[in-house]
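# Close look at the chain arrangement
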Amino acid sequence: MVGAIAALKGPAHGGATYAARSMLDKIGTADNAEKWLREQHAQHARFPGFGHRVYRTYDPRAKILREMAREAAPELYKTAEHTEEIALQILHEAHPDRPNATNVDFWASVVLTGVGIPKELFTCLFATSRVAGWTAHVLESLADLRLIRPASVWKGPQPGSKPLPIASR
Amino acid sequence: MSQYVPGLEGIVAAQTAISLVDGANGRLVYRGYVIADLAEQMSFEEVAHLLWYGRLPTRAELDALTLELAGSRALTPAAMTTLEALPKDTDPMDVLRSVVSVQGIEHRLEKPTIPLAVHATASFPTILASFHRRRLGLPPVKPRADLAHAANYLYMLNGKESSPELVRALNTYLVLLADHGMNASTFTARVIASTDSDLASCLVGAIGALKGPAHGGAPSQVMDQLEQIGAPENAEHWMREARTRKVRFMGFGHRVYRTYDPRARILKAMCERLNPTFYALASKVEETALAILHEEHPERPQATNVEFYSAGVLQAIGLPKEFFPPTFAVSRAAGWTAHVLEQVANNRLIRPQSEYIGPEPRKPVPLAERG
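The paragraphs below set out a description of the structure included in this document. Keep in mind the model is a prediction, meaning the values are calculated, not measured. (Residues numbered from 1 in each chain as written. Chains lettered and ligands numbered in written order. Predicted model: local features only at pLDDT ≥ 70, side-chain atom pairs only at ≥ 80, totals over all residues. Heavy atoms only, no water.)

Along the backbone of chain B there are 15 helices and four strands. Against the 2.2 N^0.38 benchmark of 21 Å for 371 residues, chain B shows a C-alpha radius of gyration of 22 Å, consistent with a compact globule. A principal-axis box enclosing the C-alpha atoms of chain B has dimensions of 70 × 55 × 45 Å. When the 371 residues of chain B are sorted by exposure, 56% land in the buried category. When the accessible area of chain B is evaluated, it comes to approximately 16200 Å², of which 54% is carbon and sulfur surface. (Helix = DSSP H or I, 4+ residues; strand = E, 2+ residues; numbered from the N terminus. Rg over C-alpha atoms; globule rule 2.2 N^0.38 Å. Buried < 20%, exposed > 50% of the residue type's maximum accessible area, 1.4 Å probe, protein only. Areas by Shrake-Rupley, 256 points an atom, 1.4 Å probe, with all protein chains shown as cover.)

On to the overall build of chain A, then. Within chain A one finds seven helices and one strand. The order of α-helices and β-strands along chain A, N terminus first, is α-α-α-α-α-α-α-β. On C-alpha atoms alone, chain A measures out to a radius of gyration of 21 Å, which is more than a quarter above the 15 Å that the 2.2 N^0.38 rule sets for 169 residues. Along the longest, intermediate and shortest principal axes, the C-alpha atoms of chain A span 65 × 45 × 35 Å.

Residues and elements named next belong to chain B. Here Pro92 shows up in helix H4 (residues 92-103). A relative accessible area of 3% places Pro92 in the buried class. Between the C-alpha atom of Pro92 and that of Phe324, which follows or precedes it by 232 residues, the distance is 9.3 Å. Ignoring any residue separated from it by four or fewer positions in sequence, one finds Pro92 in contact with Leu128, Phe131, Glu322, Phe323 and Pro326. (Contact = heavy atoms within 4.5 Å.)

The relative placement of two aromatic rings is captured by the distance of their centres and the angle of their planes. If you walk through the whole model with that rule in mind, you get six aromatic pairs over all chains. Plain terms: the ring middles of Phe106 of chain A and Trp107 of chain A are 5.1 Å apart, the flat faces sit at 90° to each other, and that makes the pair edge-to-face. Take Phe106 of chain A and Trp107 of chain A: they sit in the same class, and that class is buried. Clustering of aromatic rings is evident, with ring pairs tying together Phe50, Tyr77, Phe106 and Trp107 of chain A. We note Lys119 of chain A situated over the ring of Tyr18 of chain A; from NZ or CZ to the ring centre the distance is 5.4 Å. Directly above the ring of Tyr155 of chain B sits Arg144 of chain B, whose terminal nitrogen or CZ lies 5.0 Å from the centroid. (Phe/Tyr/Trp six-rings, centres within 6.5 Å; stacked < 30°, edge-to-face > 60°. Lys NZ or Arg CZ within 6 Å of the ring centre and 35° of its normal.)

Another aspect to go through is the pairing of strand S3 (residues 27-30) of chain B. Residues and elements named next belong to chain B. One ladder, built from four bridges, connects strand S2 (residues 19-22) with S3; its direction is antiparallel. Looking at the pairing, Leu20 lines up with Val29 of S3. The hairpin turn running from S2 into S3, its antiparallel successor, is four residues long, and Gly26 in that turn takes a positive phi close to 65°. As defined by bridge partners, S3 adjoins strand S4 (residues 33-34) across two bridges and the pair is classed as antiparallel. Counted as the bridge partner of Val29 is Val34 from S4. Connecting S3 to the antiparallel partner S4 that follows it, the hairpin turn spans two residues, and Arg31 within it adopts a positive phi of roughly 50°. (Pairing = 2+ DSSP bridges.)

The biggest cluster of nonpolar side chains holds 115 residues, and the ones touching the most others in it are Tyr30, Trp52, Phe124 and Met239 of chain B. When sequence neighbours within four positions are dropped, the list of residues in contact with Tyr30 of chain B reads Ile18, Ser19, Ile35, Leu38, Val47, Leu50, Leu51, Val175, Leu176, Leu177, Ala178 and Asp179 of chain B. Listed in part, the 26 residues of the second largest apolar core include Trp36, Phe47, Ala87 and Phe106 of chain A. (Core = buried A, V, L, I, M, F, W, Y, C linked by side-chain atoms within 4.5 Å.)

This brings us to helix H15 (residues 324-345) of chain B. Counting along an α-helix, one turn takes 3.6 residues, and residues three or four places apart therefore face a common direction. Residue and element names in this part refer to chain B. In this model H15 runs 32 Å from its N-terminal to its C-terminal C-alpha over 22 residues, within 8% of the 32 Å that 1.5 Å per residue would give. Within H15, the axis deviates most sharply at Arg332, by approximately 45°. Counted residue by residue, H15 has 21 buried out of 22 residues, so it is predominantly covered. (Expected span 1.5 Å × (residues − 1). Bend = angle between axes of the 7 residues up to and from the residue.)

What follows covers the sheet that holds S4 of chain B. What the three strands build is an open sheet, ordered S2-S3-S4 (chain B); its pairing is antiparallel. The outermost strands of the open sheet, each flanked by one partner alone, are S2 and S4 of chain B.

Let us look at the interface of chain B and chain A. Counting residues at the interface gives 57 residues for chain B and 33 residues for chain A. Buried area between chain B and chain A, both sides added, is near 3800 Å², and the carbon and sulfur share of it is 61%. On the chain B side of the interface with chain A, the three residues burying the most area are Thr195, Arg255 and Arg351 of chain B, jointly 14% of the side's total. In this assembly, chain B and chain A are joined by four salt bridges. Counting the contacts that link chain B with chain A gives 18 residue pairs in polar contact (both at pLDDT 80 or more). Elements supplying a minimum of two residues to the side of chain B that touches chain A: strand S1 (12-16), S2, S3, S4, helix H2 (59-70), helix H8 (184-193) and helix H9 (199-210) of chain B. (Buried area = accessible area lost by both parts, 1.4 Å probe. Salt bridge = Lys/Arg side-chain N within 4 Å of Asp/Glu carboxyl O. Polar contact = N/O pair within 3.5 Å; in protein donor to acceptor, adjacent residues only side chain to side chain.)

Below, the discussion takes up the packing of helix H6 (residues 104-115) of chain A against helix H7 (residues 122-143) of chain A. Residue and element names in this part refer to chain A. In the contact formed by H6 and H7, the axes pass within 11 Å of each other and the chain directions differ by 105°. When the interaxial angle is binned, H6 and H7 end up roughly perpendicular. Across from Asp105, Ser109, Leu112 and Thr113 in H6, the residues of H7 making contact are Phe122, Leu125 and Phe126. Considering only residue class, the contact of H6 with H7 consists of four nonpolar, two polar and one charged. (Axes fitted to C-alpha atoms, helices over the stretch in contact; angles between N-to-C directions. Parallel < 35°, antiparallel > 145°, perpendicular 65-115°, else oblique. Nonpolar A, V, L, I, M, F, W, Y, C, P; charged D, E, K, R; others polar.)

As structure tokens, then:
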């Protein structure tokens, strides 16, 4: 659990919900979205809450949360809806080949705000849910236990050179 | 869609320039240097510099790093409070896992750097020694800045300096175990780093993986098994009988080495010198185990691994066996942090696939209709 929490903390994983909310805070109001997002994109910044390694269409969880967000946080929803529209447009212009869709973190950040959760607790709340899945996976892995120990490719210096004595370095 | 490979065996998870486990030739290489050229010649600090910076330090750089490590040994007030709150019979690996976590909280989500690696690595011995003293009902011993990493660890554990011979032995152990390719705990640390998480998070996950008996938890089990065997003359009988009950011999076999583990070779020679009683029993048990394993699987290259003779060296140094796995972590902290820095320098989220073998998608039956 501790290792899983440690991984979830990263902004590229569970920390993305917090990052998405921070982005919406910086954007502030819907009319500011286009300018802010284009500036960020020009600096090669990533938009938290967009893109996913696996989904090639709209994340089904995001779809449900998006509907919930409309009622849960009407003010923030307006900014978020416009932000989503512009972000998808920018991403599509930049990479027409890539299926860049909104992910669960984007709309989760709006719903959690509506429920009254401070953004510092978003990742913790994610963990409160995911603990059911983590423990299920631990139990599943016990049933067919094999040490997970992948390989690596050596990119270092050719092995075998003798170390120089410290005085000659 | 690629195929499922149990244990990710043979699947390349990273490119690395830190260490190479050359299984076919029985070589361990740090940054191009073969372990036998480092183990008994270099200080832990020198090797940590090599792992972090990619090259051996000059005298001035080594002095600076030694000073920086020595200056980072103190625990934060929150870490000390946590240490105090843990029951005295807590597994020392759990102590390390918990207190490393608390020691790291002030860095929040900072991007891992070499100074943070130094800071974290310096804290491991303090955490363990403070807990050891607490278990004995003794006050913690303040670290001594004039002592190097290995010497200071023993000093904080025992409240007095150890003999140069034992300090050298611990230093060699720390150098030997400092890194080892894409082992399970290092891979864990890199997975966590790949989410842009912080260094303490990576280390906590790595400690969690190292705790497992299939990884770093084995040396204390080697000791348990040797205790059960008791004497060299019992080895043959005990081990053949154990085998009929499918008991595994602890300290044998490795995923990568196809020959004798080069670290085990060095540790074996140290055991013979420092711990003759252990050596008499262990060498007989080793001989018997290898003979039995060869009879059972003549096609498999079954060799002694690093855990087996580590146990004898750590015992000679005076460590209780519960401190064998966390002392492994004291050493591996250098490698883990080096791998986290390497991962962060060229990062991509590590997010593999799985193969779904559950039921076809279906509709849930309402609760009232389930029976």
